[in-house]
Structure formats: C-alpha cells, structure tokens
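Report on the structure
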Amino acid sequence: MTFAGWLEILLFLGAITALTPLAGAYLTRVFRGEVTLLGRVERGFYALLGTDPARGQDWKGYARSVLISSAVFGVVLYALIRLQGVLPGNPQDLGAPGWDLSFNTTASFITNTNWQYYAGETTMSYLTQMAGLAVQNFVSAGVGLAVLVAFVRGLASRSGKELGNFYVDLTRAILYVLLPLSVVVGLVLVSQGVIQTLQGPGTATTLTGAKQAFAYGPVAGQEAIKMLGTNGGGFFNVNSAMPYENPTWLSNFVEMLAILVIPAGLTSMYGRMVGNKRQGWMVFGAMMTLFVVAVAGIYVAESHPTPAMQAAGLTGPNMEGKEQRFGIASTSLFAAVTTAASCGAVNAAMESFTGLGGAIPMAQMMTGEVIWGGVGSGLYSMLLFVILAVFISGLMVGRTPEFLGKKIEAREVKLTILGTIAVPMLVLFATALAIATRYGDASIYNHGPQGFSETVYAYTSQGNNNGSAFAGYTGVTFADVLGGLAMLAGRFLPLLAVLAVAGSLAGKRVSPAGLGTLRTDTPTFGFVLVAVVLIVALLTFVPALLLGPVVQGLSDQLY
C-alpha cells in the first residue's frame, strides 16, 4: 500500500461523488422529455416502431414490450453470429461459432452480461462485433435504463397505472444518454492510444525473425459503450488488460469513471423524480459505503504476498496476473468497480488474486449487483431491497409499512421477495448442478478450492449479469447452455418482478406523512438498508465463500 495508491482511490471517489448530481440532473431532464435536440430523429424512431409516444403502458404492456424487443434482437444477433462466415466485414475470414457458443453469446449480450467463452479477436468478425455485439451493448443498457425509469414512475405516481412507454424510454436512453457519452469517451480513449480501425490484422517481425500477427479493429467505439453501458465484453480476449484497449493510467481512470457515472447518477435522478433528493442521497450513501469497504479490502489484500509466495520465500505485493503499468491500486480499484457495477470488464487476471482479494469481488456480485449495479438494473434491484427494509422495519415497530407514502402490502412483499431471492437460488442451483454432475467436470481447470471458486464465480457472474470470470472455467456445450439459461433467468425474472411491483404501487393512494411515519431518507435507514442487503443477499452465499476463496486464502499452496 502506498500514499499514491490511496490518493488515487480518494480521487476516484471524489470524482464520482461530484459527477452524481450533474448526471442525475441531466438524466431527469432526458426522461421527463425535456431534452429534444434530436427531435426529428426521435420521432423517426417512433414512426419506424409504430408506437405513439403519447400513449402510456401499464406494467404488463411495458413488460411485454421488453420481452418482445429482447427476443427480436436475440434472434437477429444469433443469426448474425451463425452466418458471419458468409457475410462481409470479415477480413480475417472467421467461420461461425457452434450453436451452443452462439446461444451463450446471444443470451449474454441481450442480458447486458457480456460473458465471453471465446476470444473476441479470433472468433467474431468486425461485422459481428459492430453490427451485433456493439449494437446490443446500447440496446441492453437502454432496456435497463427504461425499466428503472418505469419503476421510479410507479413509485412517484399519484394516480393511474401507466408507467410510460417502453419504446420512448428506450429511444431516449440511447439517443440522449448512451450515444453522446460514448462519442465523448471514445474520443478520449483514442487520444490515449486505443485503436479504432477497420483494417485487417497487422504483422511484425520478432527478435528471432519470426512473423507475428496482431489483431486490429474498431476497438475504441466498442470500448466506450462496453463501459458506459456496464456491458464489459471486450474486443480482445484479455479485455482492458490489453494495451490496444487500455494503454495508459488515464485511459484506465476514464474507463472506471465511465462504468460508474450513469449508475451513480441514477440515484440522483431517482431522488429528483420522486420529489425528495434526500432519498437519492440515502441510496447513494448505502452503495458508497459498501463500495468503499470493498475497495479497501481488495487493496489491502493484494498489497500482501499470498501464502504460496510466503512459502516460496517471496515478499511484496501480489503482482501475479496484474499489469505493471497499473500496479496494485489501479487494479484493485478496477476490480471493485467492475464487480460492483455489473460490468465484467477486467484489467487483470481475477483468478490470480489472493483468496480474500478474489472473495470480495465475488461477494459484491452475490449481493445481487446492487452496489451501483448495472445501468438501471442496479438501482431497481437496490430499490427492491429498500422496500424489503421498509417492510422489515414496519414489522419491528408494529406499523403497516409505507414507502413514499404508499402502503407496502402482501402483493408487493411477495414480488419483492421473488425479485431479491430468485437469482441467488438460481446461482446456487446452477453451481450445484455443475459441481455434482459429470457434465461440469470438463469446464473446471483447477482442482481443490480454486476449482470450486471458478465454478461458483462463473455462475454468480452469469446469474447476476456481470460477465467477469475466474478464467480457468472454460466453455463446453453443458456450460454454454446452463450459463445461457442462467443469464436469461437472472436478467428477466427480477426485471418482471420490478415492473409488477411498479404496476401495483402506481395506482395506490398516497397517505400524508405523520408522526409515526418511517423516514426512509435518513442515514439511519441507510444503515438498515445496508444490513438488509448483507443479511438477505450475501449470507446466502457464505458457505460457498468459505469452501472456495476463503479456504484458498488460508492454503499454503496454489491449486
């Protein structure tokens, strides 16, 4: 640990805190329809989609639109991947991946997971990368934003059951948020040396006289949206550890800011849209508290040698699997950011972290990706925990629980439980199936606790739509299919529960606040919220953490 390392972390935390109200104010204006700079383009999209922007949808109609659009994009993406061998934009003459990998990749990119069982530069053509994967990066992130906005409208609504129009929200999310920010971030990355070209592979002569090929491609544009949309899928197999994707300290810092700027800004937007900015800051404070603990824990853990290093007589920080140009602080901060934000981009080998250093990113995902979380999905998942915390607090004081003046009754509680518990159960079931049956053996590279950690991490990452991995876990047909199903269920089960809760609350009357009203915009309630997240979500996975990374951290050898 160094003074410069702690200073970098403090600088990052300060930058995110300062950007949050600015981003929140802009996002509020966008989704209230106050930003109309691209009005003609916007109206053209509505005409193309055949939707009336003035016509709202109830939660069932909104959910139906989400599912139909996701299915259509999924079919198109699957076809594009399977046909890339006969399509243009393929200077490397790459063939089509198998049906199982194509299914896994399709499920991955329509669910904002971007899990990759393949090396991007040697598997996907330029056309597939740009017209398929990059496009879906925008769309899947836009879907998350749209659903969150619908949920917030349901919380803020004073009458009626309409949550807005999905196609309007999706269009505004892409046109006014994701596209302009991607242009800005992309230009910054290009200025730092991130490549952006359509030429084929380059070649170089090594010191021994051999010829070596280097993959090029349209990297900067995809890099920008992979971060801003909390997608994470890299153009290259080694993701943001690759100099072509992430060449400098500044590019690394900008990429981390890009990952969190929208999820953090959404907390401010939420407070503004419900008419109580303190509500947004309460959620921001809970997320930031959990995040700071995670960053500090990883940095401390990685600043010390592993037990294996100690047994070999080695001292110093654990630089195994890390880039020298980033060092411990930037790597630890990046690992915390990407697993807190449902991004999955990495600038180091996660499987090379110490036992504790690897356990913390895994634990962040196990909370349900609510410490910032994905674009939109992180905040709507955290708001489910807010409702759960309100219900538990109401039981403790013997009052009917209310949130934003609306009574939380049996229907909302049941849907909230479904939205918060479904994914942990899904992850544990998938992990057990992979560990306990012979079908999962082919994917596990290491033995002992490290191999167990690889499996737990894989299905935790896919089920929570993160996308990062302990890289020893490899794809075979069983893992491709099980992982794809886990990603689909992990995305759409909570999403549907959220919309159903929003629909239920949208039509409820608001009760005026009284002396006995539970305040949900105070630091005290923020503490309760943190406790509920840790108890309800994280404790579910304690046995898995103990059997994997904790045992690995206490071991005196590498497996």
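The present account deals with the structure reproduced in this document. Per-chain numbering applies: the sequence of each chain, read as written, is numbered from 1 onward. A pLDDT threshold of at least 70 governs which residues receive local features in this predicted model, and a stricter bar of 80 or more applies before side-chain atom pairs are shown or counted, although totals over entire chains, interfaces and linings include all residues. Only hydrogens and water are removed before side-chain values are computed, so all heavy atoms of the structure are retained for them.

**Structural notes on the overall build of the protein chain**
Every helix listed is a DSSP run of H or I at least four residues long, and every strand listed is a run of E at least two residues long, numbered separately from the N terminus. Along the protein chain, the regular secondary structure elements total 19 helices and four strands. It is over C-alpha atoms that the radius of gyration is taken, and the globule rule equals 2.2 Å times the number of residues to the power 0.38. Here the C-alpha atoms of the protein chain give a radius of gyration of 23 Å, agreeing with the 24 Å that 2.2 N^0.38 yields for 559 residues. Taken along its principal axes, the extent of the C-alpha atoms in the protein chain is 80 × 55 × 50 Å. Remark: exposure states derive from per-residue accessible area (1.4 Å probe, protein chains only) relative to the maximum for the residue type, with buried under 20%, exposed over 50%, and partly exposed in between. For the protein chain, buried positions account for 59% of its 559 residues. Excluding contacts between residues fewer than 6 apart, the proportion of contacts in the protein chain whose partners are at least 24 apart in sequence is 78%. For the accessible areas, the method is Shrake-Rupley and the probe is 1.4 Å, while residue cover comes only from the protein chains on display. Carbon and sulfur atoms provide 67% of the accessible area of the protein chain, an area that totals close to 21,300 Å². Positive and negative side-chain charges of the protein chain, numbering 29 and 26 respectively, have mean locations separated by a distance of 15 Å. Only heavy atoms enter the contact rule, under which two residues are in contact if any of them lie within 4.5 Å. His is not counted, nor are the chain ends, whereas Lys and Arg count as positive and Asp and Glu as negative. Each charge is placed at NZ for Lys, CZ for Arg, CG for Asp and CD for Glu.

**Observations concerning the packing of aromatic side chains**
The geometry of two aromatic rings is summed up by the distance between their centres and the angle between their planes. Pairing of aromatic rings covers Phe, Tyr and Trp, the last counted by its six-membered ring, and requires centre-to-centre distances within 6.5 Å; plane angles under 30 degrees mean stacked, over 60 mean edge-to-face, and any other angle means tilted. Considering all chains together, one arrives at 14 aromatic pairs under this definition. Measuring from centroid to centroid gives 6.3 Å for Tyr126 and Phe235, while their planes differ by 45 degrees, and the two rings are tilted. With Tyr126 in helix α6 (residues 126-156) and Phe235 in the loop between α8 (219-228) and α9 (249-273), this pair connects stretches of sequence that are 109 residues apart. Per residue, the accessibility class of Tyr126 equals that of Phe235, and both read buried.

**Some thoughts on the packing of helix α4 (residues 99-110) against helix α17 (residues 477-506)**
Axes, fitted as lines to C-alpha atoms, cover a helix only where it is in contact. Angles between the N-to-C directions of the axes lie from 0 to 180 degrees. Look at α4 against α17: their axes get within 8 Å of each other, and the N-to-C directions meet at 20 degrees. Here α4 is positioned roughly parallel relative to α17, judged by the angle of their axes. By crossing handedness, the relation of α4 to α17 is classed as left-handed. Contact residues: Trp99, Asp100, Leu101, Phe103, Asn104, Ala107, Ser108 and Ile110 in α4; Thr477, Ala479, Asp480, Val481, Gly483, Gly484, Leu485, Met487, Leu488, Arg491 and Phe492 in α17. Reported orientations rely on four angle classes, namely roughly parallel under 35 degrees, roughly antiparallel over 145, roughly perpendicular from 65 to 115, and oblique for the rest. Each crossing is labelled by how the near helix is turned from the far one, with a counterclockwise turn of less than a right angle marking it left-handed and a clockwise turn marking it right-handed.

**Description of the environment of Thr524**
Considering the arrangement of structural elements, one finds Thr524 in helix α18 (residues 523-537). Between the C-alpha atoms of Thr524 and Met282, which are 242 residues apart in sequence, the distance is 9.2 Å.

**Overview of the environment of Met366**
Mapped onto the elements of the fold, Met366 is located in helix α13 (residues 355-366). As for Met366 and Thr171, which are separated by 195 residues in sequence, their C-alpha atoms are 31 Å apart. In this view, Met366 contacts Val456, Thr460, Ala537, Leu538, Phe541 and Leu545; residues no more than four positions away in its chain are not counted.

**Let's talk about the side chain of Gln462**
Inspection of the secondary structure puts Gln462 in helix α16 (residues 448-463). Judged by its relative accessible area of 0%, Gln462 falls in the buried class. Setting aside its immediate chain neighbours within four residues, Gln462 contacts Asn104, Thr113, Trp115, Tyr117, Gly483, Gly484, Ala486 and Met487.

**Here we look at the nonpolar core**
Nonpolar cores are built from buried Ala, Val, Leu, Ile, Met, Phe, Trp, Tyr and Cys residues. Side-chain atoms within 4.5 Å join them into one set. The biggest cluster of nonpolar side chains holds 143 residues, and the ones touching the most others in it are Phe12, Phe151, Tyr270, Phe291 and Trp372. Within the second largest apolar cluster, 19 residues are counted, among which are Ala430, Tyr473, Phe478 and Met487.

**Describing the layout of surface pockets**
Whether a set of points on the 1 Å grid over the protein atoms alone is a cavity depends on a 1.4 Å probe fitting there but being unable to get out, while an open set qualifies as a pocket with protein on both sides within 12 Å along at least five of seven lines; lining residues are those with an atom within 4 Å of a point. Grid points are joined across faces, edges and corners, and a volume is the space filled by probe spheres set on the points. As a volume, the largest pocket reaches approximately 620 Å³. For the largest pocket, the lining is made up of 31 residues, of which Gln116, Asn237, Val238, Ala469 and Ala471 are closest to its centre. Ten residues, namely Ala, Val, Leu, Ile, Met, Phe, Trp, Tyr, Cys and Pro, are considered nonpolar, four, namely Asp, Glu, Lys and Arg, are considered charged, and the remaining ones, Gly among them, are considered polar. For the lining of the largest pocket, the residue count by class is 15 nonpolar, 14 polar and two charged.

**Considerations on empty space enclosed by the protein**
Tallied over the full model, the rule gives two cavities of 30 Å³ or more. In this model, the largest cavity occupies a volume close to 240 Å³. In terms of lining residues, the largest cavity is bounded by 23 residues, among which Gly368, Ser381, Asn464, Gly490 and Pro494 are the most central. Counting residues per element, the ones that place at least two in the lining of the largest cavity are α14 (377-397), α15 (410-436) and α17. Here the lining of the largest cavity takes five residues from α14, the largest share from any one element. Considered class by class, the residues forming the lining of the largest cavity number nine nonpolar, 12 polar and two charged. Reported here for the second largest cavity is a volume of approximately 50 Å³. Every residue along the wall of the second largest cavity is listed here: Glu351, Phe353, Thr354, Gly355, Gly358, Gln450, Ser453, Phe470, Pro549 and Gln552. When contributions to the lining of the second largest cavity are tallied by element, the ones reaching two or more residues are α13, α16 and α19 (542-554). By residue class, the composition of the lining of the second largest cavity is three nonpolar, six polar and one charged.

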